[in-house]
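Structural overview
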Amino acid sequence: MTEKVGAMAKDHPGWQPERLRQQREKHGLTLEQAGERLRQVAEKENFRGAPAANPSTLWQHEQGEVYPGKHYRRAYCLLYRASEPELGFRNPLPGETTEFALTPVTVEAAGPNILAVERAVLQIAPGELGGDQRMLQQRVMDAWRRRHTGGDPNRPVVVLVGGWAGSGKSEFARFLTHLTGWPLLDKDPVTRPLVERLLTALGGDPNDRHTDLYKGQVRSVEYDALMAAARANIDCKISTVLTAPFLAELTDKAWMRRLTNYCASKGVDVVPIWVHCDLESMREHIVLRSAARDSWKLARWDEYAATVDVDLRPSVPHLVVDNRLGSAISLADQARYALKEAVYA
């Protein structure tokens, strides 16, 4: 048993399974009660593949016999109101909170929700070429505070959330929309019916996202459709969150200049955000979402991974969200959860 735990610890640096037991006991929960709470949290957040959270599984987590999967880790973080490093799942990233505090679950929701939101929003940081993160942070917070009172003194803004497949960009974009009420345009649900029909009509696989057929004849149409929907909002001066990989677009200064000039003519600002993530976390997320369009990536992971430059960044001033090991999305989860509790308290 000890050899097995030691081997798994090497695969997950910083893993301290005893912290889960300490949190559970601090909250006065039995294994059965903790499992029930985990299921409730997962169902409330609509996690795909919600954990069954059997007492035996939780015991294995606490004993270090089984390392919790992604959905379990997210649910644990929400249940105990803590980050992954605080719960001993991994070592912290540089600058990430390292203090381990046992936080009681009975904290009033109306107080910590502001702190939870601010912690998540502060994950937006300048990229290598600069970017005014304080401007966007303030606008997000102002929009959140004024959602039910109306009136926003700021210019409308188009936020482009880009990153590699599985980086967490859609999750972070939904988080911004949840806080601000700004409409979300996510490339996949917006354009998937068009892309699948077009690929089929051209004699291809509707789930193809890697061949020359897709890249040469379909991808440009896909992005044209997304940006046409965005321009409809821009013309109405509606702040909007767009999410797509934007791998070619954010690295194309001419493309960005055309978009920025168009938006400026309508009195709208443009803020690109790049979601930075590590390969293993991307793979884990892609596996969990089980999308047909990802089947080629998973079947040839090493081949696909060789094409992923984790250090790729936009060629224009931009902001960065560091989501390595799911750190930013974990905070976003907790902020959303705090807001829901405040609404129903």
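What comes next concerns the included structure. Small disclaimer: the values here were computed from a predicted structure and weren't measured. (Residues numbered from 1 in each chain as written. Predicted model: local features only at pLDDT ≥ 70, side-chain atom pairs only at ≥ 80, totals over all residues. Heavy atoms only, no water.)

Here the focus is the side chain of Ser167. Here Ser167 shows up in the loop between β2 (157-162) and α8 (169-180). For Ser167, the residues in contact, after removing those within four places along its chain, are Val275, Cys277, Met282 and Asn323. (Helix = DSSP H or I, 4+ residues; strand = E, 2+ residues; numbered from the N terminus. Contact = heavy atoms within 4.5 Å.)

So, about the sheet that holds strand β6 (residues 319-322). The strands making up a sheet associate through hydrogen bonds between their backbones, and the pairing can be parallel or antiparallel. Read across the open sheet, the six strands follow the order β1-β6-β5-β2-β4-β3; overall the sheet is mixed. Whereas interior strands pair on both sides, the edge strands pair on one side only; in this sheet they are β1 (124-126) and β3 (184-186). Each strand of the sheet is rotated relative to its neighbour by a mean of 25°, with strand direction disregarded. Here β1 pairs with β6 via three bridges, running antiparallel. Pairing of Ala125 across the sheet is with Val320, part of β6. Sheet contacts for α8: β1, β2, β3, β4 (240-243), β5 (269-276) and β6; angle to β4, the most-contacted strand, approximately 170°. Sheet strands touched by helix α11 (residues 253-265): β2 and β5. Its angle to β5, the strand with the most contacts, is close to 140°. (Pairing = 2+ DSSP bridges. Axes fitted to C-alpha atoms, helices over the stretch in contact; angles between N-to-C directions.)

For the rest of this paragraph, the subject is the packing of aromatic side chains. All told, the structure shown has eight aromatic pairs when counted by the stated rule. Note on Trp15 and Tyr67: the rings are 5.0 Å apart at their centroids and 90° apart in plane angle, and the pair reads as edge-to-face. A residue pair is termed long-range when its members are at least 10 positions apart, and Trp15 in the loop between α1 (2-11) and α2 (18-26) and Tyr67 in the loop between α4 (55-63) and α5 (70-80) qualify at 52 residues. You can call Tyr67 buried: its relative accessible area is 16%. Each ring, one from Tyr76 and one from Tyr80, has its centre 6.3 Å from the other, and the planes form 10°; the classification is stacked. Linking Tyr76 with Tyr80, this pair stays in helix α5, spanning four residues, or about one helical turn. (Phe/Tyr/Trp six-rings, centres within 6.5 Å; stacked < 30°, edge-to-face > 60°. Buried < 20%, exposed > 50% of the residue type's maximum accessible area, 1.4 Å probe, protein only.)

This paragraph deals with α4. Of the residues making up α4, those classed as buried are Thr57, Leu58, His61 and Glu62. Axial view of α4: buried residues confined to an arc of 140°, hence all on one face. The secondary structure elements touched by the buried residues of α4 are α2, α3 (31-44) and α5. Immediately beyond the C-terminal end of α4, within one or two residues, lies Gly64, with a positive phi of roughly 80°. (Arc of directions from axis to C-beta.)

A few words on the pairing of β4. Burial along β4 is two-sided: Thr240 and Leu242 facing one way and Val241 and Thr243 facing the other are all buried. Two elements, β2 and β4, share four bridges in a ladder whose sense is parallel. Note that in β4 the partner of Val159 across the bridge is Val241. Of the pairings in the sheet, the one linking β3 to β4 comprises three bridges and is parallel in character. The partner of Asp186 across the bridge, within β4, is Thr243.

Just geometry here; none of it tells us what the structure is for.
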